[in-house]
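Next come the chains, spelled out residue by residue.
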Amino acid sequence: MKMKHIREAALAMVAAAALAACDNNKFKVEGEIANAKDSVVYFENVGLEGIHVIDSVKLSDGGSFSFSGEAPQAPEFYRLRIWDQIINVSIDSTETVTVKAQYPQMATQYEVSGSDNCQKIKELALKQIALHQQAMAIQQNQSLGVDQANDSILSLIESYKNDVKNNYIFREPMKAYSYFALFQTLGQWLIFNPRNNKDDIKVFAAVATSWDTYYPHAERGKNLHNIAIEGMKNIRIAEAEQGGLTVDANKVTEAGVLDIELQDNHGQTRHLTDLKGKVVLLDFHIFALKDSPARILQLREIYNKYSGQGFEIYQVSLDPDEHFWKQQTEALPWVSVRDADGIDSQRLLMYNVQTVPDFFLIDRGNNLVKRAVQIKDLEAEIRKLL
């Protein structure tokens, strides 16, 4: 009998441990919505392919609710909804997000805790609502002509974009709230429109590249790259048509890497995407740095070893002194280009380069594979791609 009790106790302990492990792999969104008795609150997943109801509950007097789900491998987005009142939340892992709101203005009158991302998303959502209200006020101002009203709204949008870019997206492009900001709208129109705006493409690219580093297998990161690449294609077609050329959209192809177009140390324009078919080390470098000679020596050894097998280096210098740069690169065997904007370059934002030097590996199909922080053995990674 004693042995039986021991076995039962052991099984109970195993079962309890298994249940605890399951709980540890879940996230929770819970809280209260006041003044909403008998209303149904829906918990919905805002996925890449649409919005889907995950769960729902009819609220009682206290308005309490609790939803849970499997912890995602990369940030995922959800929303709480009663009719047209929506609260957006993001989930990174196994956190518990607590929301306390007042109905029927719960979209603006709510508090959120347990997630810095959700707090930032709230800030962005309130900014978006304020933008919409300001734009509506301009449209309804009868003292303004059509052109004057349109110019005022465009100026309003531009100011909003600069605020969100500089104070949210570029500060932490790897965060869920930065991804959320990319898809904010004014009416039916995206505020950041990568389909026809070069600067907005760079904003999408900054987040995409950052997600490559932190969430390398996330579908959302891949989707951002596809959006940015499609936007680049659209702009090239538009620019060609403005120049009097006719371009067949079906014949315009883009690589899976964001192109860099700069002049090399011989005055020739070099495109990063022209190196398709080779394994490429995209390198951001400053020759004026103290450690530059040692680093260049290491790159020379790697280049000499693998260049005959289809390996190339596309090195972007950020040195302010052009003459100095040309002297330093005169004898280098790889592609050496210089960005005259230096550390203020938009290309650094495109690739989310926080410190220099930094580098990326690109495969033969022009696809960004890894960046420096993901690589322990550079030569081993190059050999894999060759």
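Parameters and conventions
Residues numbered from 1 in each chain as written. Predicted model: local features only at pLDDT ≥ 70, side-chain atom pairs only at ≥ 80, totals over all residues. Heavy atoms only, no water. Helix = DSSP H or I, 4+ residues; strand = E, 2+ residues; numbered from the N terminus. Areas by Shrake-Rupley, 256 points an atom, 1.4 Å probe, with all protein chains shown as cover. Pairing = 2+ DSSP bridges. Axes fitted to C-alpha atoms, helices over the stretch in contact; angles between N-to-C directions. Parallel < 35°, antiparallel > 145°, perpendicular 65-115°, else oblique. Contact = heavy atoms within 4.5 Å. Nonpolar A, V, L, I, M, F, W, Y, C, P; charged D, E, K, R; others polar. Buried < 20%, exposed > 50% of the residue type's maximum accessible area, 1.4 Å probe, protein only.

Caption draft 1: Region of the structure containing the overall build of the protein chain. Looking only at helices and strands, the protein chain features ten helices and 17 strands. When the accessible surface of the protein chain is split by element, carbon and sulfur atoms take 49% of a total near 20800 Å².

Caption draft 2: Broad picture of the sheet that holds strand β5 (residues 76-82). The antiparallel open sheet is built from four strands, whose spatial order is β3-β2-β5-β6. Bordering the open sheet on either side are β3 (50-58) and β6 (85-91), each of which pairs with just one other strand. Strand-to-strand twist in this sheet, taken as the mean axis angle between neighbours without regard to direction, amounts to 25 degrees.

Caption draft 3: Highlighting the packing of helix α2 (residues 116-139) against helix α3 (residues 146-169). Their axes nearest at 9 Å, the elements α2 and α3 cross at an angle of 170 degrees. It follows from the interaxial angle that α2 and α3 lie roughly antiparallel. Together, Lys120, Glu123, Leu124, Lys127, Gln128, Leu131, Gln134, Ala135, Ile138 and Gln139 of α2 and Ala149, Ser152, Ile153, Leu156, Tyr160, Asp163, Val164 and Tyr168 of α3 make up the contact between the two elements. Of the residues assigned to the contact of α2 with α3, the class counts are ten nonpolar, four polar and four charged.

Caption draft 4: Region of interest: the sheet that holds strand β4 (residues 64-70). One open sheet holds the four strands; their spatial order is β4-β1-β7-β8, and the pairing between them is mixed. Each edge of the open sheet carries a strand with a single partner, namely β4 and β8 (110-113). Direction aside, neighbouring strands of the sheet carry axes that sit 15 degrees apart on average. As paired elements, strand β7 (residues 96-102) and β8 share four bridges and run antiparallel to each other. Within β8, the residue paired with Ala101 across the bridge is Tyr110.

Caption draft 5: Region of interest: the environment of Lys202. As for its position among the elements, Lys202 is in helix α5 (residues 198-214). Residue classification places Lys202 among the partly exposed positions, given a relative accessible area of 23%. In this structure the C-alpha to C-alpha distance between Lys202 and Met350, which are 148 residues apart in sequence, comes to 5.1 Å. Those residues in contact with Lys202, other than ones at most four positions away along the chain, are Gln346 and Met350.

Caption draft 6: Seen up close, the pairing of β6. Counting buried positions along β6 yields five of seven residues, so the element is predominantly enclosed. Note that β5 and β6 share seven bridges and pair antiparallel. Across the sheet, residue Phe77 finds its bridge partner in β6, namely Ser90.

Structural measurements only, silent on function.
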